[in-house]
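# Breakdown of the fold
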Amino acid sequence: QVQLVESGGGLVQPGGSLRLSCAASGSIFSINVMGWYRQAPGKQRDVVATITSGGRPNYADSVKGRFTISRDNSKNTVYLQMNSLKPEDTAVYYCNADIWPFGRNKYDGYWGQGTQVTVSS
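A short tour of the structure in this document, coming up. The shown structure was predicted, so the numbers you read here are calculated from the model rather than taken from an experiment.

### Notes on the overall build of the protein
- Scanning the protein for helices and strands turns up zero helices and eleven strands.
- For the protein, the N- to C-terminal ordering of α and β elements is β-β-β-β-β-β-β-β-β-β-β.
- For 121 residues, the compact-globule estimate of 2.2 N^0.38 gives 14 Å, and the C-alpha radius of gyration of the protein, at 14 Å, lies within 12% of that figure.
- Dimensions of the protein, computed from C-alpha atoms along their principal axes, come out at roughly 50 × 25 × 20 Å.
- Out of the 121 residues in the protein, the part that is buried amounts to 40%.
- Counting contacts in the protein only where the partners sit at least 6 residues apart, residues at least 24 apart contribute 56% of the total.
- In the structure as shown, the protein presents an accessible area of about 6400 Å², 46% of it carried by carbon and sulfur atoms.
- Side chains of the protein give 12 positive and 8 negative charges; the mean places of these two sets differ by 2 Å.

This is the structure in structure tokens:
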């Protein structure tokens, strides 16, 4: 059984910082792309940032220069460092990973349960 567990959300003032973590656990053979998505109330879930197994990042235009995605392959963990936070960054943030579990013959997409990030004074 594979699962993703996120942590690090919370309430922060505009201009502040937060660091999200997402750890994959279970019977894992390989992990390909990992990433972060977010969903604000009444809006669709959008990609924030992704990172390949080799460490190449990709960012949504709205977070470039403010957010940094990284991963530790030895811990099956992906991070999102969020700086200069704005009220419009308020959303539930979801971790996503393409994981090849033992006993399967392909990658499948997995989601975490989500963590709330609120940027407000």
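### Regarding the environment of V119
- Along the chain, the position of V119 falls in strand β11 (residues 115-119).
- Owing to a relative accessible area of 4%, V119 belongs among the buried residues under this scheme.
- Placed 48 residues apart in sequence, V119 and R71 show a C-alpha to C-alpha distance of 24 Å.
- Setting aside residues no more than four positions away along its own chain, V119 makes contact with V12, Q13, P14, L85, K86, P87, D89 and T90.

### Let's talk about the sheet that holds strand β1 (residues 3-7)
- Across the sheet, which stays open at both edges, the four strands sit in the order β1-β3-β8-β7 with antiparallel pairing between neighbours. Two strands in the sheet have a free side with no partner beyond their single neighbour: β1 and β7 (67-72). Taken pair by pair, the neighbouring strands of this sheet meet at an average axis angle of 15°, ignoring direction.
- In the sheet, strand β3 (residues 18-25) pairs with strand β8 (residues 77-82) via six bridges, with the strands oriented antiparallel. Counterpart to S21 in the pairing with β8 is Y79.

### What about the nonpolar core?
- One finds W36, L80, M82, Y93 and I99 to be the most contacted residues of the largest nonpolar core, which totals 30 residues.
- Listing elements by their share of this core, those giving two or more residues are β3, β4 (28-39), β5 (46-51), β7, β8, β9 (91-101) and β11.
- Per-element tally for this core: the top contributor is β9, with five residues.

### Some words on the environment of R38
- Along the chain, the position of R38 falls in strand β4.
- On a C-alpha basis, the gap between R38 and T90 in space is 8.7 Å, while along the polypeptide they are 52 residues apart.

### Remarks on the pairing of strand β10 (residues 108-111)
- On β10, burial follows the alternation: D108 and Y110 on one face are buried, whereas G109 and W111 on the facing-out side are not.
- Where β9 and β10 come together, four bridges link them in antiparallel fashion. The partner of I99 across the bridge, within β10, is D108.
- Taken together, β9 and the strand that follows it, β10, pair antiparallel across an intervening segment of six residues, in which G103 is found at a positive phi of about 90°.

Rules used throughout
- Residues numbered from 1 in each chain as written.
- Predicted model: local features only at pLDDT ≥ 70, side-chain atom pairs only at ≥ 80, totals over all residues.
- Heavy atoms only, no water.
- Helix = DSSP H or I, 4+ residues; strand = E, 2+ residues; numbered from the N terminus.
- Rg over C-alpha atoms; globule rule 2.2 N^0.38 Å.
- Buried < 20%, exposed > 50% of the residue type's maximum accessible area, 1.4 Å probe, protein only.
- Contact = heavy atoms within 4.5 Å.
- Areas by Shrake-Rupley, 256 points an atom, 1.4 Å probe, with all protein chains shown as cover.
- Lys, Arg positive; Asp, Glu negative; His and termini not counted.
- Charge placed at Lys NZ, Arg CZ, Asp CG, Glu CD.
- Pairing = 2+ DSSP bridges.
- Axes fitted to C-alpha atoms, helices over the stretch in contact; angles between N-to-C directions.
- Core = buried A, V, L, I, M, F, W, Y, C linked by side-chain atoms within 4.5 Å.

Purely geometric stuff here, so don't read any function into it on its own.
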